[in-house]
Amino acid sequence: MNAPDRFLVPPAPLRTGYRLDDSLDATAGPIFLTGTQALVRLPLMQRALDAARGIDTAGFVSGYRGSPLGAYDQQLWRARARLQAANVRFLPAVNEELGATAVLGSQQVESDPQRSVSAVFGLWYGKGPGVDRAADALKHGHARGASPNGGVLVVAGDDHGCVSSSMGHQSDFTMISWRMPVLSPASVAELIEFGLYGWALSRYSGTWVGMKAISEVVESAATVDLDALRTRFGDEAEAAASMLAAHVGSKFPAHAGSNLAADGGSPTADRGGMRALRRGSDLHYRPGDTPSAEIEARMAARLGLVQAFAQRYAIDRLVRAPRDAQLGIVTCGKAHLDLLEALRRIGIGLDELAAAGVRIYKVGLAYPIEPTRMLEFARGLDEVLVVEEKGAVVEQQMKALLYNAPPGSRPRVIGKTGRDGEPLLPEVNELRPSRVLPVLAEWLARHRPALDRRERVGEFVRPPLPSNAADRVRRVPYFCSGCPHNTSTRVPEGSRAQLGIGCHAMAMWMNRETSGLIQMGGEGVDWISHAQFTRAPHVFQNLGDGTYFHSGYLAIRQAVAAGTRITYKILVNDAVAMTGGQPTDGVVTADSVARQVRAEGVQRIAVVSDEPGKYARRKALFPPGTSFHDRGELDGVQRVLRDTDGATVLIYDQVCAAEKRRRRKRNRYPDPPLRLFINEAVCEGCGDCGAKSNCLSVVPVETPLGRKRRIDQSSCNKDYRCADGFCPSFVSVTGGTLRRPVATLDPERLAHALESVPEVEPASWSGPYDLLVTGVGGTGVVTVG
């Protein structure tokens, strides 16, 4: 019963490179994949499996970007040719709820008499806040159901540690509230394996199936042996279908003997026993649904099918199962790897645990847990330690399952809380090996003194810093060099601004009277009520163009309807910069925004830009009365808008600096021939250039005459705001290029020098190690990582 633990097997040699194109070409053997690339492979592999079964399906992917799924759309676009060849369509939705509704439409195809394919399998993606926003649409889609040969996978990108979000997220409980099954993959390989399992489960049960895609998995890379992956689930399901039919008929008599509509099945040969399943229950998508309690009853009935499918085709793994065990450890998702790493650090192997009478069970289907294997696992145990991310998803289900279990199968279950009910494993922030280690070591020492390794815990767990100690490692997030927000987020003296979702939120650390944070699309609406109970007459509200197009224009509509005195600063940067520089999913230009907000009722509109001259021949595209200004006039323009009654709009139009840099490297954007330098002999070190520009490329330099300033030419994005101060030390160089270092060592001397260098001893270290990559946006840090 001891299943091989693939997580402890050394990776096989790479068969191909890490490029996305290579990863799509590979069909077998070991390959190096990122988590994002695995999600791109997923629909292509499902389509290939269907073709091998003789089912003429298509795929449909839609959702909205956001870390850790911030680069998914970019990789899908790069693979456009392959996706189209496989009849997999990708629609980047305007927002998450519209993407979910579009995915629902994919399940309607199988019951359409004029369909061009047998069925469509769908994939929705979005980060944790997107799951929250799209909750109504996702719940409706799940309630309506999946088609028998289609199926829907709901990929939730959870940011457990609030690394790139307004708050930490755990989507499990949200999906559970809809009775949606939840899969929890632990690795890049399992993103593929669990995704294919999810579509099979969805087709079988009629549910939409959730799959967690957390940062540590999606934003990682690994060697994946494609030959070792389980890719077929339910192929031999004829007998299981009859079993499920009897199961549903006995538990839910209202569904016994019902059938899909005559045009509701696949025109292809019956694959996987789906016809037998349909004879037993009508729990899949039905085109004639009307609001009724019947829909809710079907959602409950489907969970029985989910558990029956999981009983026959398990995604859980019994890692170690000694017969005479008294202790057990249950893991779920990435927490399994945390457990393995914690054990490695204190020198305890899985076989050593098994010899000491400790069973280990890895849960893949986090909800609903499969009861028969869990009860068998718990038989004879005295206590079970549950190690899982965030809140107690598996632990709560285990306690409910075992509460009425017969004697001998009712162990004590601890995890988020201990024996005494006090907190044990943390349920806030990310779970890490260093957070598992103290609890695990203490637990083993109490129950198995021979495995007491508590003296080694201190080697890997740092003591907390004193409350007054400064964190010398953490770098405050900051705007890139030349970022338009360096200028656009300033406010006049006596005013304040409110934050929103986007890069501009970093202004909160820059002493710019900017604070507060609201959900995406709610920017400024909190001021509508606040304004009625304060003597402050006005507020500025920052709003990125991506957020504006996503849902932010509704907030402006609300402010106009309420007659609130507020100025929206719509920051048109020509890219969704925060997630990788993607284009917005529609037309978002200064003139289109101006026309739309005028149609919403905004009467006073001002446009500010670093290149106001570009509007000279385009003013007719803007609403009458729109004013145009250079960014040097920003303060005065804001003062005028501040004193104007009602809702006003300032459109700040300047291309994202990181995107300028990328486009210039590809010769897709003008590269000014002008470079600025600081003559250190003249510079007095006052720092006014840095204050004017707020730019990271203005760096201090120590000289014999004290600290001066220098422009780091390697990171400069040619915004030139540093020259706005009155300073004679600035030197402009037109037409010059940066000099490349000239080699001072001739080839022969270099070869001789290299020959004298002794050979380095190969490292024998087999454990993980840390590598710190430093830098700011647009300089290749993400690519290197």
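Residues numbered from 1 in each chain as written. Predicted model: local features only at pLDDT ≥ 70, side-chain atom pairs only at ≥ 80, totals over all residues. Heavy atoms only, no water.

### As for the sheet that holds strand β18 (residues 566–572)
Reasoning step 1: Here we have seven strands laid out as an open sheet, ordered β16-β15-β17-β18-β21-β19-β20, and parallel in their pairing. Edge positions in the open sheet fall to β16 (514–515) and β20 (627–630), since each of these has one partner strand only.
Reasoning step 2: Here two bridges tie strand β15 (residues 497–498) to β16, and the two strands are oriented parallel to one another. When the bridges of β16 are listed, Gln 498 appears paired with Ser 515.
Reasoning step 3: Each of β18, β19 (605–609) and β21 (647–653) is contacted by helix α23 (residues 590–599), which is oriented at about 175 degrees to β21, the strand it contacts most. (Pairing = 2+ DSSP bridges. Helix = DSSP H or I, 4+ residues; strand = E, 2+ residues; numbered from the N terminus. Contact = heavy atoms within 4.5 Å. Axes fitted to C-alpha atoms, helices over the stretch in contact; angles between N-to-C directions.)

### Considerations on the nonpolar core
Reasoning step 1: In this structure, Leu 42, Leu 123, Val 155, Tyr 197 and Met 211 are the most contacted members of the largest nonpolar core, which totals 53 residues.
Reasoning step 2: Of the residues forming this core, the biggest block, eleven residues, is contributed by helix α9 (residues 188–205).
Reasoning step 3: Not counting the four nearest positions on each side in its chain, Met 211 is found in contact with Leu 39, Leu 42, Leu 153, Val 154, Val 155, Ala 156, Leu 183, Pro 185, Leu 191, Phe 194 and Gly 195.
Reasoning step 4: Within the second largest apolar cluster, 44 residues are counted, among which are Val 103, Val 131, Ala 134 and Ala 137. (Core = buried A, V, L, I, M, F, W, Y, C linked by side-chain atoms within 4.5 Å. Buried < 20%, exposed > 50% of the residue type's maximum accessible area, 1.4 Å probe, protein only.)

### Some remarks on helix α24 (residues 634–642)
Reasoning step 1: Taken together, the buried positions of α24 are Leu 634, Val 637, Gln 638, Leu 641 and Arg 642. All buried residues of α24 lie within an arc of 140 degrees about the axis, which places them on one face of the element. (Arc of directions from axis to C-beta.)

### A closer look at the sheet that holds strand β3 (residues 88–92)
Reasoning step 1: With mixed pairing, the seven strands of this open sheet are ordered in space as β3-β2-β4-β5-β7-β6-β12. Bordering the open sheet on either side are β3 and β12 (365–367), each of which pairs with just one other strand.
Reasoning step 2: Pairing between strand β6 (residues 182–183) and β12: two bridges, direction antiparallel. Residue Val 182 lies in a different strand from β12, and its bridge partner there is Tyr 367.
Reasoning step 3: Running over the sheet, α9 touches β2 (57–63), β4 (119–127), β5 (152–157), β6, β7 (208–212) and β12 and is turned about 165 degrees from β7.

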